[in-house]
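An overview of the molecular structure
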Amino acid sequence: YGGTGLGLVISQKIVELLGGHIWVESEEHKGSIFSFTVSMRKSDEDAVVQSVQGAEESMQRVIERLYGVHVLVVEDNEMNQELVVDLLERKGLYVKIANNGVEALEIIQTEPFDMVLMDIQMPIMDGYEATKRLRMKEEYKGLPILAMSANMMQGDIQKSLEAGMNAHIAKPIIPADMFRTMAKWIDNKK
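Figured I'd write up the structure that's included with this text.

Conventions and cut-offs
- Residues numbered from 1 in each chain as written.
- Predicted model: local features only at pLDDT ≥ 70, side-chain atom pairs only at ≥ 80, totals over all residues.
- Heavy atoms only, no water.
- Pairing = 2+ DSSP bridges.
- Helix = DSSP H or I, 4+ residues; strand = E, 2+ residues; numbered from the N terminus.
- Axes fitted to C-alpha atoms, helices over the stretch in contact; angles between N-to-C directions.
- Parallel < 35°, antiparallel > 145°, perpendicular 65-115°, else oblique.
- Contact = heavy atoms within 4.5 Å.
- Nonpolar A, V, L, I, M, F, W, Y, C, P; charged D, E, K, R; others polar.
- Right-handed = clockwise from strand over helix to strand, strands pointing away.
- Expected span 1.5 Å × (residues − 1).
- Buried < 20%, exposed > 50% of the residue type's maximum accessible area, 1.4 Å probe, protein only.
- Arc of directions from axis to C-beta.
- Polar contact = N/O pair within 3.5 Å; in protein donor to acceptor, adjacent residues only side chain to side chain.

Here we take up the pairing of strand 1 (residues 21-27). Where a strand is regular, its side chains alternate between the two sheet faces. Pairing geometry for strand 1 and strand 2 (residues 31-37), over seven bridges, is antiparallel. Bridge pairing in strand 2 places W23 opposite S35. The hairpin turn running from strand 1 into strand 2, its antiparallel successor, is three residues long, and H29 in that turn takes a positive phi close to 70°.

For the rest of this paragraph, the subject is the packing of helix 5 (residues 127-135) against helix 6 (residues 154-163). The interhelical angle for the contact between helix 5 and helix 6, taken along N-to-C directions, is 30°, at an axis separation of 8 Å. Of the possible angle classes, the one that applies to helix 5 and helix 6 is roughly parallel. Counting all contacts with helix 5, which are made through Y128, T131, K132 and R135, the residues of helix 6 involved are D156, K159, S160 and A163. For the contact of helix 5 with helix 6, the class distribution of residues is two nonpolar, two polar and four charged.

The next point concerns the pairing of strand 4 (residues 94-98). Bridge count for strand 3 (residues 70-74) against strand 4 is five bridges, and the pairing is parallel. Counted as the bridge partner of L72 is K96 from strand 4. In terms of handedness, the path from strand 3 via helix 3 (residues 78-90) over to strand 4 forms a crossover that is right-handed.

Reading across from one edge, 4-3-5-6-7 is the order of the five strands in this open sheet, with parallel pairing throughout. The open sheet is flanked by strand 4 and strand 7 (167-170), the only strands paired with a single partner. Pairs of neighbouring strands in the sheet enclose a mean axial angle of 25°, with direction left out of account. Relative to strand 5 (residues 115-119), strand 3 runs parallel, the two sharing four bridges. Paired with L72 across the bridge in strand 5 is V116.

Here the focus is unusual backbone geometry. Most peptide bonds take the trans configuration, and most residues that are not glycine carry a negative phi. Residue K171 is joined to P172 through a cis peptide bond whose omega torsion reads 0°. You can see P172 is positioned in the loop between strand 7 and helix 7 (175-189). Positive phi, normally seen in glycine, also occurs at H29, with a value near 70°. Its place among the elements puts H29 in the loop between strand 1 and strand 2.

For the rest of this paragraph, the subject is helix 3. A rise of 1.5 Å per residue sets the reference length of helix 3, with its 13 residues, at 18 Å; its end C-alpha atoms lie 18 Å apart and thus fit the reference within 8%. Listing the buried residues of helix 3 in full gives Q81, V84, V85, L87 and L88. Taken end-on, helix 3 shows its buried residues confined to a sector of 165°, consistent with a single buried face. Structural note: helix 3 exposes E78, M79, E82 and R90 on the side pointing more than 90 degrees away from its buried face. Two residues or fewer after helix 3 comes G92, characterised by a positive phi angle close to 90°.

Moving on to helix 5. Every buried residue belonging to helix 5 is among G127, Y128, A130, T131, L134 and R135, and all of these are buried. For helix 5, the angular spread of the buried residues around the axis is 165°, confining them to a single face. Tucked into the core, helix 5 has its buried residues touching helix 4 (101-107), strand 5, strand 6 (145-149) and helix 6. The N-terminus of helix 5 is capped by D126, whose side-chain oxygen sits 3.1 Å from the backbone nitrogen of Y128.

Take a look at the structure:
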């Protein structure tokens, strides 16, 4: 399976910033092993436990704000669809899928949604165009539309905002970041 390698570059930079070393051992048709070493100082165990507990309580409050929210997920990749639906439904959100912008425009007229998670690059109609068309209709001007994209360069984010999206959620999805962004825009809608 091929990717852009961006994750490896980011990992390398983080390891180097921590004064560590990263390397790969690869054998064709067998796979690759990525390893790294960093020197860390021992932390105060009680402080770590308190920090983790505080983060868990904070995330629980975020999830409570999203419970029962109706979300239209516009995503053409089946694996991404399954992941997002599973994450959202496990937390009590109602989810409907559209495979592209055209389907999204059709589905959104059949039932009310509190939020749209919009992929950017899709066949038939991309997320930019679908968002622009939604924003042309008065009833969808205040609907939170959040971009979901692996394209996280400032220019990509700006293009999403100019199309009418409210925020950007990075792929691969980090659940805590996604839920926090969603909660922020659900709170703004109220």
